[in-house]
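# Structure at a glance
This is what each chain is made of:
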Amino acid sequence: MTTPAFTSSLRLEPLLPRHRGLLLTMFEDQRVWTYLDGSPADAEKTTTRFIDAAELSRSATGLGIWTAFLRADSADGRLPSGTFVGIGGVRTLSADLWNLGLSIAPTAWGCGYATELATAAVNAAQVSFPNRTVTARTLTKNAGSERALISAGLRVVWRGPSAAHPGEEARILADRQPRGSELEWLIHAS
């Protein structure tokens with residue numbers, strides 16, 4: 001999707017190189033790295049990776065990662081209209097799998113924006129490619145993301161030790177049961 005989309009609270013724009021500064025600021029926050037691989041020192045590399053993956057997915061499928069901005073002042077008045085909320089959406093993992101990813105700016109945590117963003121991503125993926133499985137991977141300690149993903153229509157299809165985060169437990173969620181080889185690939189990448 002190359003034009004803005006809207007949810008009840010958010011304006012969603014395709015993630016583009018012009019959003020680099022917003023991502024860098026978010027990825028330089030230590031609180032965000034609690035749920036990602038690496039540290040704030042990796043902010044530049046992570047920003048480039050997200051932008052490149054979004055552009056690749058969008059050019060191949062028409063869908064990719066969005067940047068999310070508030071359409072109006074937040075209900076509690078803390079965040080003004082136009083505030084950058086975070087990024088999220090789907091990108092291709094294979095011909096049969098989407099990966100739904102979210103990263104919300106800490107100033108917008110706990111406001112329900114992750115659920116709105118995840119729901120928009122699931123809906124867009126299911127409408128555009130109804131036979132492709134929507135998946136997401138999260139760590140058990142990221143209960144907020146798991147709740148948002150479940151609210152968006154995904155369900156936990158696997159629990160176990162994280163391959164990417166030794167000593168942590170991971171969850172794989174999907175809108176349908178992935179096939180055996182797909183699930184094995186997801187487990188090794190979680």
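Scoring rules and cut-offs
- Residues numbered from 1 in each chain as written.
- Predicted model: local features only at pLDDT ≥ 70, side-chain atom pairs only at ≥ 80, totals over all residues.
- Heavy atoms only, no water.
- Helix = DSSP H or I, 4+ residues; strand = E, 2+ residues; numbered from the N terminus.
- Rg over C-alpha atoms; globule rule 2.2 N^0.38 Å.
- Contact = heavy atoms within 4.5 Å.
- Areas by Shrake-Rupley, 256 points an atom, 1.4 Å probe, with all protein chains shown as cover.
- Buried < 20%, exposed > 50% of the residue type's maximum accessible area, 1.4 Å probe, protein only.
- Arc of directions from axis to C-beta.
- UniProt positions renumbered as here; feature names shortened; annotations may be inferred.
- Salt bridge = Lys/Arg side-chain N within 4 Å of Asp/Glu carboxyl O.
- Pairing = 2+ DSSP bridges.

As recorded by an unreviewed UniProt entry, the protein carries the name GNAT family N-acetyltransferase and is attributed to Streptomyces mordarskii.

Scanning the protein from terminus to terminus reveals six helices and eight strands. The globule rule puts the C-alpha radius of gyration for 190 residues at 16 Å, and the 16 Å found for the protein is close to it. Taken over the C-alpha atoms alone, the protein extends approximately 45 × 35 × 30 Å along its principal axes. Counting only contacts in the protein whose residues sit at least 6 apart along the sequence, the fraction spanning at least 24 positions is 59%. Of the accessible surface of the protein, which amounts to about 8,800 Å², a share of 53% is contributed by carbon and sulfur atoms.

Glancing now at helix α1 (residues 20-27). Within the span of α1, buried status applies to L23, L24, M26 and F27. Each buried residue of α1 lies within a common arc of 165° when the element is viewed along its axis, so the set occupies one face. Buried residues belonging to α1 abut α2 (30-33), α3 (43-61), β4 (84-92) and β5 (97-104).

Here the focus is the UniProt feature "domain: N-acetyltransferase" (unreviewed entry) in the protein. The positions UniProt marks with the feature "domain: N-acetyltransferase" (unreviewed entry) are residues 10-154. For residues 10-154, the end-to-end C-alpha separation is 21 Å, with 39% helix and 24% strand making up the annotated structure.

Where charged atoms of side chains with opposite charge meet at close range, the side chains can pair. On inspection of all chains with the given rule, the structure shows 12 salt bridges. As a salt-bridge pair, E13 and R11 come within 2.9 Å of each other at their nearest N and O atoms. Given the relative accessible area of 25%, R11 is considered partly exposed. Note that D175 and R176 form a salt bridge whose closest N and O atoms lie 3.1 Å from each other. Residue class for D175 comes out buried when judged on its relative accessible area of 17%.

Quick look at the pairing of β4 now. Of all nine residues making up β4, seven are buried, and the element is well covered by its neighbours. Summarising the sheet, strand β3 (residues 65-70) and β4 pair through five bridges and their orientation is antiparallel. Directly across from I65, in β4, lies its bridge partner G89. Of the strand pairs in this sheet, β4 and β5 are connected by seven bridges, and their pairing is antiparallel. Considered in β5, the bridge of V90 is made with L100.

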